[in-house]
Amino acid sequence: MSPKKKRKNKKKGPDYFVVSRTLAASYVFIVPLLALHEAGLIFHKGAANGTAVIYGELFARLNWVGAVALNLFLLALLCFAIYRTRSERQHLSGLYAWMFLESTLWAAALFVIAVLFQRIDLSIREYSRAFTMAIGAGLFEEFLFRFLLMGGLILVFHRGLGAPKNAIVPLAAVLAAVVFSLAHHEGVGLGTDPWDWGVFWLRTLLGALLGAIFWWRGFGIAVYTHALYNVALL
C-alpha cells in the first residue's frame, strides 16, 4: 500500500467543536459548577436564583429517600457521561480547559455588549453571595430558557411538525430570549427588577446570543458563558 493510501485510510480523531457540544461532555463540564453553587447555598441560603424556585417546587415534596435517590441518579449519570466521553478525552487533551477558555471568551463578548449599552447594575456588595447567585443564573436559567424552552420549541416545530430548521432555530432563540428577559422583571416574571425598556431589550439581545451559543456550541458552553458573564458583572 502506498503512503498516500495509508494516509487516506488513517482514522481521523474527534473534532473539538463536535465533542464539546455533546450532552455528555456538557454534563461533565457543568457538574463542578453545580457543586460550587450548592456549596454556596449552604452559607447563603437566600442566594438561590429566581428560576431555581421552579425546580425547588418540583422537588419540594421529595422526602429524604427521594432526595438521596435523585442525587444517586445524578451521580450515576455523571459516571456514565465520564465513561461515554473517555475516548474523546484521550484524543482531545485538555478538553474541558478549552471549553472553559471558549466560554470565557464568549462571556467577555457579552460583557462588552452590556458595557456599550451602559445598563449594568453594579450595586451588589456581598461578593460571595452574589457569586453564588451568578453561578445559579448560568445553570438554572440556561436549563430553563435554552435547553427546555428553546430546545423544546425546536423539537416540536422542526422534528414534530417539519418546519424548516433555518427558520425555526432563530425564531425559537428569539422567543426564548423574550421570555428570558420578561422573567427578570417585577410583576411580569419571577424577578424583582422594575420595568425598563432599555434593560428589557438588552437582556433580549443577550438571551438571543446565548441561544445562538447554545445551538452552535452546546449546552455546557452556554451555561459557563452565562455564569462567567454574571461573575464579570461583580
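Remember, predicted model here, so these are calculated numbers, not experimental data.

Describing the nonpolar core
- Residues L33, L95, Y96, M99, L139 and M150 are the most contacted members of the largest nonpolar core, which totals 34 residues.
- Among the elements of the structure, α2 (16-19), α3 (23-43), α5 (64-84), α7 (95-117), α8 (127-160), α9 (165-182), α10 (197-217) and α11 (219-233) are those that each provide at least two residues to this core.
- For this core, the leading source of residues is α3, giving eight residues.
- Excluding residues that lie within four positions of it along the chain, L33 makes contacts with I135, L139, V223, Y224 and A227.
- The next biggest cluster of nonpolar side chains, apart from the first, holds eight residues, and it includes A107, L110, A114 and L233.

Examining α3
- End to end, α3 covers 31 Å across 21 residues, agreeing with the expected 30 Å (1.5 Å per residue, within 8%).
- Helix geometry: α3 is bent most strongly at I30, by close to 30 degrees, with proline P32 lying one to four residues after it.
- Turning to α3, its buried residues number three or more, namely A24, A25, S26, Y27, V28, F29, I30, V31, L33, H37, G40 and L41.

Quick look at the side chain of S26
- In this fold, S26 is placed in helix α3.
- Polar side-chain contacts of S26 include one of 3.0 Å to the backbone nitrogen of G220.
- In this structure, S26 is in contact with S20, R21, G218, F219 and G220, ignoring residues within four places of it in sequence.

Quick look at the packing of α7 against α10
- Direction vectors running N to C along α7 and α10 enclose 165 degrees, while the axes themselves pass 11 Å from each other. The angle between α7 and α10 falls in the class roughly antiparallel. Note that α7 runs across α10; the crossing there is right-handed. Facing α7, whose interface residues are E102, W106, L110, I113, A114 and F117, α10 presents L202, L205, L206, L209, L210, I213 and R217.
- Here the residues of the contact of α7 with α10 sort into 11 nonpolar, no polar and two charged.

Points about the environment of E141
- For E141, the location among the structural elements is in helix α8.
- Separated by 82 residues in sequence, E141 and V223 have C-alpha atoms that sit 8.4 Å apart.
- A polar contact is formed between the side chain of E141 and the side chain of H184, at a distance of 3.3 Å.

Quick word on the packing of aromatic side chains
- A full pass over the atoms with the stated rule returns 14 aromatic pairs.
- Aromatic side chains F29 and Y224 sit 3.9 Å apart centroid to centroid with 20 degrees between the ring planes, which places their arrangement in the stacked category. Of this pair, F29 sits in helix α3 while Y224 is found in helix α11, placing the two residues 195 residues apart along the sequence. Across the pair, Y224 and F29 agree in class, each one buried.
- Ring plane angle 20 degrees and centroid distance 6.2 Å describe the contact between W197 and W201, whose orientation is recorded as stacked. Residue W197 and its partner W201 are located together in helix α10, separated by four residues, close to a single helical turn.
- Residue classification places W197 among the exposed residues on the basis of a relative accessible area of 54%.

Parameters at a glance
Residues numbered from 1 in each chain as written. Predicted model: local features only at pLDDT ≥ 70, side-chain atom pairs only at ≥ 80, totals over all residues. Heavy atoms only, no water. Core = buried A, V, L, I, M, F, W, Y, C linked by side-chain atoms within 4.5 Å. Buried < 20%, exposed > 50% of the residue type's maximum accessible area, 1.4 Å probe, protein only. Helix = DSSP H or I, 4+ residues; strand = E, 2+ residues; numbered from the N terminus. Contact = heavy atoms within 4.5 Å. Expected span 1.5 Å × (residues − 1). Bend = angle between axes of the 7 residues up to and from the residue. Polar contact = N/O pair within 3.5 Å; in protein donor to acceptor, adjacent residues only side chain to side chain. Axes fitted to C-alpha atoms, helices over the stretch in contact; angles between N-to-C directions. Parallel < 35°, antiparallel > 145°, perpendicular 65-115°, else oblique. Left-handed = near helix turned anticlockwise from the far one by under 90°. Nonpolar A, V, L, I, M, F, W, Y, C, P; charged D, E, K, R; others polar. Phe/Tyr/Trp six-rings, centres within 6.5 Å; stacked < 30°, edge-to-face > 60°.

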